[in-house]
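# Architecture and fold: a report
Each chain, letter by letter, is given below.
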Amino acid sequence: MCGRMVIARAAGDLVASLGIDLRDESPGGESYNVAPTQTVPVLKADQDTRNHRVALESARWGLVPSWSRGPQGAPLINARAETVTAKPSFRSAVLKRRGLVPADGYYEWTTTASGKEPVYLHRADHEGLLFAAVVEYWRDPVDGQAWLPSLAIITRPAADDIGHVHDRSPVIVPESRLDEWLDPSVSDRATVEGLLGSLPEPHLTPTGVGKFVNSVKNDGPHLITAISQ
């Protein structure tokens, strides 16, 4: 699962390496406590993706199906890799509108003797990550010219080294396979399923952090500071 995200320095550096300024599409700049229904940056194909031509857009984290009445109700923040090509809410998006959300890492909560404790999951070298996502556009029935872009993060069973924290983790696309993931010519179900299945398991570092992250009102780099267990 992915319930909160960090989009800060590492994500900005990663996107900058593609010739894009993350600040252009990241309202409010850095955030160390991004919650569902908030706006996040997403990379999408822009014409010839094989030449690293990608575009940075903004989308609501919590997918709104094109056929739904609107963004009311529980947001669809995650999509399971095992069923994303079959579920009506996601199957068109995963074939036609795949995206990547740049992030430093994400939070999960693990149960301990003293209650639930937040854990920050990130790369050991603290470099940026690319979360696989599906993107959808919902058209406002009142204002036919108004469109709401939204997305869900694709998840998979967690690798053994982080499975004790949570049984699910985001699907992470290596930067070397960015073009392949965003390629709009890859649009049939069997090929997309094969692509998903071929992506390597993420090997992330879990870091216990303070409970300030429990409130979405809190933000700042202190949220990812390790605490003694």
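For the structure itself, look to the data block above.
Read on for a plain summary of the structure. (Residues numbered from 1 in each chain as written. Predicted model: local features only at pLDDT ≥ 70, side-chain atom pairs only at ≥ 80, totals over all residues. Heavy atoms only, no water.)

A few words on the packing of aromatic side chains. Aromatic ring pairs are reported here in terms of the distance separating the ring centres and the angle at which the planes meet. For the coordinates displayed, the defined rule picks out two aromatic pairs. A ring pair is formed by Y106 and F131, whose centres lie 6.0 Å apart and whose planes are at 80°; its orientation type is edge-to-face. Taken as a pair, Y106 in strand β7 (residues 105-112) and F131 in strand β9 (residues 129-139) lie far apart in primary sequence, 25 residues in all. Looking at Y106, the relative accessible area reads 1%, which means it is buried. Assessed through its relative accessible area of 0%, F131 is described here as buried. Ring plane angle 45° and centroid distance 5.6 Å describe the contact between Y107 and Y120, whose orientation is recorded as tilted. Residue Y107 is found in strand β7, and its partner Y120 is found in strand β8 (residues 115-122); the two are separated by 13 residues along the sequence. (Phe/Tyr/Trp six-rings, centres within 6.5 Å; stacked < 30°, edge-to-face > 60°. Helix = DSSP H or I, 4+ residues; strand = E, 2+ residues; numbered from the N terminus. Buried < 20%, exposed > 50% of the residue type's maximum accessible area, 1.4 Å probe, protein only.)

Here the focus is the sheet that holds strand β2 (residues 31-34). Backbone-to-backbone hydrogen bonds join strands into a sheet, with any given pair of strands oriented parallel or antiparallel. Judged by pairing direction, the sheet is antiparallel, and its five strands sit side by side in the order β2-β1-β7-β8-β12 without closing on themselves. Both outer strands of the open sheet, β2 and β12 (205-208), are each paired with one neighbouring strand and no more. Between one strand axis and the next, the sheet turns by 30° as a mean value, whatever way the strands run. Looking at chain direction, strand β1 (residues 4-7) and β7 are connected through three bridges and run antiparallel. Directly across from M5, in β7, lies its bridge partner Y106. (Pairing = 2+ DSSP bridges. Axes fitted to C-alpha atoms, helices over the stretch in contact; angles between N-to-C directions.)

With phi around 80°, T37 is a residue other than glycine that occupies positive phi space. Tracing the chain through its elements places T37 in the loop between β2 and β3 (39-45). With a relative accessible area of 42%, T37 lands in the partly exposed category.

What follows deals with the pattern of salt bridges. Any two side chains of opposite charge can pair, on the condition that their charged atoms come close. This structure, assessed with the given rule, holds seven salt bridges. Its salt-bridge partner being E136, residue R97 comes within 2.9 Å of it at the nearest N-O pair. Of the two residues, R97 is situated in the loop between α2 (91-96) and β6 (98-103) and E136 in strand β9; the sequence distance between them amounts to 39 residues. The pair R97 / E136 is uniform in exposure class, with both members buried. (Salt bridge = Lys/Arg side-chain N within 4 Å of Asp/Glu carboxyl O.)

Of all hydrophobic cores here, the largest spans 55 residues; its most connected members are W61, V101, F131, V134, L151 and W181. Broken down by element, this core gets its largest block of residues, seven residues, from β9. Core analysis: the second largest hydrophobic core is formed by eight residues, V6, Y120, V209 and L223 among them. (Core = buried A, V, L, I, M, F, W, Y, C linked by side-chain atoms within 4.5 Å.)

Moving on, we come to the side chain of T85. Along the polypeptide, T85 turns up in the loop between β5 (78-80) and α2. At 3.4 Å, the side chain of T85 forms a polar contact with the side chain of R189. When residues no more than four places from it in sequence are discounted, the contact partners of T85 are R91, V94, R189, V192 and E193. (Polar contact = N/O pair within 3.5 Å; in protein donor to acceptor, adjacent residues only side chain to side chain. Contact = heavy atoms within 4.5 Å.)

Its place among the elements puts R60 in strand β4 (residues 54-61). One polar contact links the side chain of R60 to the main-chain carbonyl oxygen of G62, over a distance of 2.5 Å. A polar contact of 3.5 Å, which involves the side chain of R60, links it to the backbone oxygen of P71. Setting aside anything within four residues of it in sequence, one finds R60 in contact with T37, Q38, T39, P71, P75, L148, P149, S150 and L151.

As a further point, take the environment of H126. With respect to the helices and strands, H126 occurs in the loop between β8 and β9. Given the relative accessible area of 43%, H126 is considered partly exposed. Ignoring any residue separated from it by four or fewer positions in sequence, one finds H126 in contact with R9 and A10.

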